[in-house]
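Close look at the chain arrangement
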Amino acid sequence: MRLILKTSLAAALSVSIPAAACRSGPSIDTSKFTVEIRGDVRLVHNHAPQFQGASPVRFEHIGTIGRLEAREEKDVLYDPVDVERLANGDVLVLEGDGCTIKRFDGRHQFVSSFGRKGLGPGDFISPFRLRMSSKKDLVYVAERNRVSWFRPDGRFVGSFKCAAARSGGSSISQQHRTSGMSLLSDGRVILPGDHSVWEESGQAALLMVYDAAGKTVRSFGTVTRFDDPLLTLNANLVQFVTDDSDACYVAYDHQNRLDKYSREGHPLFSSDRPLPYAVKTEMREEVFTSGSMKQAFPWPSVTSVARGVSIDGRGRVWVLTYLVQPNRFGGFDAEDDAGRCYRFDVFDSEGVLRFSVSPPNVPFGGFVIHGDRMYLIDAADEACVREFRIIEGD
């Protein structure tokens, strides 16, 4: 492998280093990636997966939660958006439209539910993310401008409003605000940064860390800037997740990047991988029609690269990568095979691409992994959550 060190004077120095220096685990073929050092950050350029040919993992369908035409209300999921798994194997499903968290046992039978639509303590308005504390004793729910937390039995504990957050804005602004939530082991919450202050203060950060009172503790993540603010916002839509050591992995929706940050928010690496298309980020003229009137506006045109990120029980980072570009509604024209639309790119904790694998061939729009279980969330077609076990080949 070649390690390229770049100085501030743009002079390059190439040196050879042993594979052990990559700290990427056993069986590393260093011919399949190169590393470039810029400052204190490693840029990992993956040329091919470490494992090629037969996938080292397979998926076993365990069962399905939710029925589109169920006889009883308890078995219907209204816009499932996220899933958590309790220590005893029970599953929590967050309903975006239903504003409810439903609990199911290991046999996918309904147990209980809590939450309702409203503005009071313990109520929800368009919740989008569900996370559990490291001790599995608190359930956190993110809305657009508020985070609430509960005991697993549904007892309300507390909430805060994001001090820096602002309401309103374009659909892209709403997409940015609801792109994710993650937790640190000390109970602090990571949410998307407030893009409305990027231009005003010049302090642009992708992510912000909040304490239990809703105060901003710190912010981190470099924003890639473009001439047009709307293009900047589009290009910096991200998905993110934290591991057991509180490191934060950030996957970009419209860039070929997986970044890793330390618990303190220091950048550690930025990794890319081969894609079957070129990534473009540009402004184009789009014609908008209202009745008989048509008007052209400059509008961001960006390539869809990633749709989600999660971490399995072995510490591997799974990124759901587009193979073909979706239509403007997020679907795929005349294509029902999920394996032709997506693949999972699976990285180790150092940014090396270990392998790629096709997802199970079922409809889904989101996913999350807990341990060796993968949950595919299908809110659009069958309003259900399908549970799969990740079976290793070793």
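So, a few notes on the structure that sits alongside this text. Computed from a predicted model, the values in this text were never measured in an experiment. (Residues numbered from 1 in each chain as written. Predicted model: local features only at pLDDT ≥ 70, side-chain atom pairs only at ≥ 80, totals over all residues. Heavy atoms only, no water.)

A short note on the pairing of strand β6 (residues 80–85)
Working note: regular strand, side chains alternate between the two faces of the sheet. Two elements, β6 and strand β7 (residues 91–95), share 5 bridges in a ladder whose sense is antiparallel. By the bridge assignment for β7, Val83 is matched with Val93. If you look at the hairpin formed by β6 and β7, you'll find 5 residues sitting between the two strands, and Gly89 has a positive phi there, around 95 degrees. (Pairing = 2+ DSSP bridges. Helix = DSSP H or I, 4+ residues; strand = E, 2+ residues; numbered from the N terminus.)

As for the environment of Gly330
Tracing the chain through its elements places Gly330 in the loop between β25 (317–322) and α4 (338–341). In the structure, Gly330 is positioned 26 residues away from Ser304 in sequence and 9.7 Å away in space, judged by C-alpha atoms.

Points about the pairing of strand β21 (residues 267–272)
Where strand β4 (residues 41–46) meets β21, 4 bridges bridge the pair, whose relative direction is parallel. Residue pairing in the sheet places Val44 in a bridge with Ser271 of β21. Relative to β21, strand β20 (residues 258–261) runs antiparallel, the two being bridged by 4 bridges. Along β21, the bridge assignment pairs Leu258 with Ser271.

Some words on the nonpolar core
Of all hydrophobic cores here, the largest spans 23 residues; its most connected members are Phe59, Trp318, Phe344 and Met374. For this core, the secondary-structure elements that each account for two or more residues are β5 (57–65), β25, α4, β26 (342–347), β27 (353–357), β28 (366–370), β29 (373–378) and β30 (384–392). (Core = buried A, V, L, I, M, F, W, Y, C linked by side-chain atoms within 4.5 Å. Buried < 20%, exposed > 50% of the residue type's maximum accessible area, 1.4 Å probe, protein only.)

A closer look at the sheet that holds strand β8 (residues 100–104)
Across the sheet, which stays open at both edges, the 4 strands sit in the order β6-β7-β8-β9 with antiparallel pairing between neighbours. This sheet does not close on itself; its edge strands, each paired only once, are β6 and β9 (110–114). Sheet twist, expressed as the average angle between the axes of neighbouring strands with direction ignored, equals 20 degrees. Two elements, β7 and β8, share 5 bridges in a ladder whose sense is antiparallel. Looking at the pairing, Glu95 lines up with Thr100 of β8. (Axes fitted to C-alpha atoms, helices over the stretch in contact; angles between N-to-C directions.)

A short note on the packing of aromatic side chains
Tallied over the entire structure, the rule returns 18 aromatic pairs. Ring plane angle 25 degrees and centroid distance 5.6 Å describe the contact between Tyr140 and Trp149, whose orientation is recorded as stacked. Take Tyr140 and Trp149: they sit in the same class, and that class is buried. Note on Tyr249 and Phe269: the rings are 6.4 Å apart at their centroids and 55 degrees apart in plane angle, and the pair reads as tilted. On the criterion of sequence distance, the pair formed by Tyr249 in strand β19 (residues 248–252) and Phe269 in strand β21 is long-range, its members being 20 residues apart. Of the two residues, Tyr249 and Phe269, neither departs from the other in class, the shared state being buried. Each member of the aromatic cluster is reached from another via a ring pair, and the members are Phe59, Trp318, Phe344, Phe355 and Phe367. (Phe/Tyr/Trp six-rings, centres within 6.5 Å; stacked < 30°, edge-to-face > 60°.)

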